[in-house]
Amino acid sequence: MTATDQPSSLRARADRAARGEEVIPLRRATRTWFAISWQTFGGPAGQIAVMQRALVEDKRWIGQQRFNHALSYCMLLPGPEAQQLAIYTGWLLNGTRGGLIAGGLFVLPGVLALLALSALYVAFGSTAAVTGVFAGLAPAVVAIVVQAVSRVARRSLTHPLLIALAAASFAALALFSVPFPAVIAAAALAGWLIGRFKPETLKPSGGHGAGDGPAPLIPDDALHHEQPSRRRTWRILALGLLLWAVPVVAVAALTGAGSVFTTQGVFFSGTALVTFGGAYAVLAYVAQQAVQTYGWLSPKEMVSGLALAETTPGPLIMVVQFVAFLGAYRDPGPSTRGLRLSSARCSPPG
């Protein structure tokens, strides 16, 4: 390909992304998301670092500024921001299928790991041996997090005003315990004022970011042609609510409205609505309700669950899987015991 042809090829790729078409083969993207999913240690910072290195720097699939803007938007939504960033990037690359694959693979290793560790915990009362293996990864995780912070800071904080705003936000959260929504609102107002009166401050340091190299497949200025509509919004909202409600209703129908499974389904569904600011913003509430109100596990076991979630791949909020596992194991309820007994009676011997 000649130098003259390269810009037109890049623009064609950007146009395909704007129309929601596949930018790269889905099979290739799936392999990449699968590889990323096994490296998502260290909480959001480590997970974002993995995607930054793989998607922005190595493969050049998305521009740095587009990546940063998507990350900022995902941080304002309830739920794990790193997984949402993966879903958004997967959607940009391969449409709806790409978003579903990226989001599903992002949590799959953590789900399997926590399921196995939870079973080991209730079987032997300890996961010390397995936890030790994961804990051995801690130095590498710390290195990944530090590297992520330094890289993002170098490419995002390109002006002394932005550095001061980041430092002030950190101090407000870490030193003065200012509520997360208040910090976000103040930062948004400050960013609007800076953009209005000193717009040159917000300009990227150069190019597409992420150092020297070819232009990304999805450049920073590639916009989607599909316009939002009220009909499409209601259709997506209805589908999402349906997918959210059907499992809870099915569990209630099978085990009873008062079963521990239904209680957990309703509780964690409601908790998901208030997970603004990441897992740390809601874990204190989850711990209080799970330990004191419902008695699903002890305070010591809650700490053990947090340690397991910190040292396994996937979002930290997946600690709720450990909480739900122990709660249902300790008190499965009469309906479930009846189902188990009936199943045992109907099963053939041997």
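Residues numbered from 1 in each chain as written. Predicted model: local features only at pLDDT ≥ 70, side-chain atom pairs only at ≥ 80, totals over all residues. Heavy atoms only, no water.

### Section: the overall build of the chain
Looking only at helices and strands, one finds 15 helices and 0 strands in the chain. Looking at the chain residue by residue over its 350 residues, the buried ones come to 37%. Partitioning the contacts of the chain with sequence separation of at least 6, the portion at a separation of at least 24 is 68%. Approximately 19300 Å² of the chain is accessible, and the part contributed by carbon and sulfur atoms is 68%. (Helix = DSSP H or I, 4+ residues; strand = E, 2+ residues; numbered from the N terminus. Buried < 20%, exposed > 50% of the residue type's maximum accessible area, 1.4 Å probe, protein only. Contact = heavy atoms within 4.5 Å. Areas by Shrake-Rupley, 256 points an atom, 1.4 Å probe, with all protein chains shown as cover.)

### Overview of the nonpolar core
Trp33, Met51, Trp296 and Leu297 are the most contacted members of the largest nonpolar core, which totals 54 residues. Elements with a minimum of two residues in this core: helix H2 (26-37), helix H3 (43-58), helix H4 (64-75), helix H5 (81-124), helix H11 (260-272), helix H12 (280-293), helix H13 (299-311) and helix H14 (319-330). With 12 residues, H5 is the single largest residue contributor to this core. Setting aside residues up to four positions removed in sequence, Trp296 forms contacts with Val260, Thr263, Gln264, Phe267, Phe268, Ala290, Val323, Leu326, Gly327 and Arg330. (Core = buried A, V, L, I, M, F, W, Y, C linked by side-chain atoms within 4.5 Å.)

### Looking at the packing of helix H10 (residues 230-255) against H11
Contact geometry for H10 and H11: axes closest at 8 Å, N-to-C directions at 160°. Here H11 runs roughly antiparallel to H10, going by the angle between their axes. Judged by the sense of rotation from one axis to the other, the crossing of H10 with H11 is left-handed. Together, Trp244, Val248, Val251, Ala252 and Thr255 of H10 and Phe261, Thr262, Gly265, Val266, Ser269 and Ala272 of H11 make up the contact between the two elements. Classifying every residue of the contact of H10 with H11 gives 7 nonpolar, 4 polar and no charged. (Axes fitted to C-alpha atoms, helices over the stretch in contact; angles between N-to-C directions. Parallel < 35°, antiparallel > 145°, perpendicular 65-115°, else oblique. Left-handed = near helix turned anticlockwise from the far one by under 90°. Nonpolar A, V, L, I, M, F, W, Y, C, P; charged D, E, K, R; others polar.)

### A look at the pattern of salt bridges
The tally for this structure, following the rule as stated, stands at 1 salt bridge. Note that Glu301 is salt-bridged to Arg330, the shortest N-O span being 2.6 Å. With Glu301 in helix H13 and Arg330 in helix H14, the pair connects residues that are 29 residues apart, well separated along the chain. Residue class for Glu301 comes out buried when judged on its relative accessible area of 10%. Take Arg330: its relative accessible area is 43%, and that puts it in the partly exposed class. (Salt bridge = Lys/Arg side-chain N within 4 Å of Asp/Glu carboxyl O.)

### Things to note about the environment of Leu165
With respect to the helices, strands and loops of the structure, Leu165 is situated in helix H8 (residues 160-174). Considering only alpha carbons, one finds Leu165 and Ala187, 22 residues apart in sequence, at a separation of 7.2 Å. Those residues in contact with Leu165, other than ones at most four positions away along the chain, are Ala187 and Ala190.

### Thoughts on the side chain of Thr255
Note on placement: Thr255 falls in helix H10. Take Thr255: its relative accessible area is 15%, and that puts it in the buried class. One polar contact links the side chain of Thr255 to the main-chain carbonyl oxygen of Val251, over a distance of 2.7 Å. A polar contact of 2.6 Å, which involves the side chain of Thr255, links it to the side chain of Ser259. (Polar contact = N/O pair within 3.5 Å; in protein donor to acceptor, adjacent residues only side chain to side chain.)

### Overview of the packing of H13 against H14
Any two packed helices are characterised by how steeply their axes cross, that is the angle between the axes, and by the distance between the axes. Direction vectors running N to C along H13 and H14 enclose 140°, while the axes themselves pass 8 Å from each other. In terms of axis orientation, H13 runs oblique to H14. Our pair here, H13 against H14, has a crossing hand that is right-handed. Facing H13, whose interface residues are Glu301, Met302, Gly305, Leu306, Leu308 and Ala309, H14 presents Val319, Phe322, Val323, Leu326 and Arg330.

### Here's the deal with a positive patch on the surface
A surface patch of like charges, here positive, comprises Arg27, Arg28, Arg31 and Lys59. Position of Arg28 relative to the elements: it lies in helix H2. Given the relative accessible area of 38%, Arg28 is considered partly exposed. (Patch = residues over 30% accessible without salt bridge, like charges linked within 9 Å, V, L, I, M, F, W, Y side chains within 5 Å. Lys, Arg positive; Asp, Glu negative; His and termini not counted. Charge placed at Lys NZ, Arg CZ, Asp CG, Glu CD.)

### Some points on a nonpolar patch on the surface
A grouping of Trp234, Leu237, Leu241, Trp244, Leu273 and Val274 is seen on the molecular surface, where their side chains present a nonpolar patch of about 610 Å² in accessible area. One can find Trp234 in helix H10. According to the relative accessible area criterion, Trp234 is exposed, its value standing at 55%.

### Quick notes on the packing of aromatic side chains
Under the criterion given, the structure shown has 9 aromatic pairs. Where Tyr121 meets Phe322, the ring centres are 5.5 Å apart and the plane angle is 75°; that geometry is what we call edge-to-face. Separated by 201 residues along the polypeptide, Tyr121 in helix H5 and Phe322 in helix H14 bring together distant segments of the chain. One exposure class covers both Tyr121 and Phe322, and it is buried. Each residue in the set Phe267, Phe268, Tyr285, Tyr294 and Trp296 is aromatic and connected to the rest through ring pairs, giving one cluster. Seen from the ring of Phe197, Arg196 lies directly overhead, with NZ or CZ sitting 5.8 Å from the centre. (Phe/Tyr/Trp six-rings, centres within 6.5 Å; stacked < 30°, edge-to-face > 60°. Lys NZ or Arg CZ within 6 Å of the ring centre and 35° of its normal.)

### Thoughts on the confidence of the model for the chain
Per-residue confidence for the chain gives a mean pLDDT of 78, with 74% of residues at or over 70. At the low end of the mean pLDDT range in the chain sits helix H15 (residues 334-346), at 43; at the high end sits H2, at 93. The model gives residues 336-350 a pLDDT under 50, and that stretch makes 5 contacts with residues more than four places away or in other chains. (pLDDT = per-residue confidence, 0-100.)

### As for unusual backbone geometry
Despite not being glycine, Arg60 has its phi angle at roughly 60°, a positive value. You can see Arg60 is positioned in the loop between H3 and H4. Owing to a relative accessible area of 7%, Arg60 belongs among the buried residues under this scheme. Unusually for a residue other than glycine, Ser177 sits at a positive phi of about 55°. Given a relative accessible area of 58%, Ser177 falls into the exposed group.

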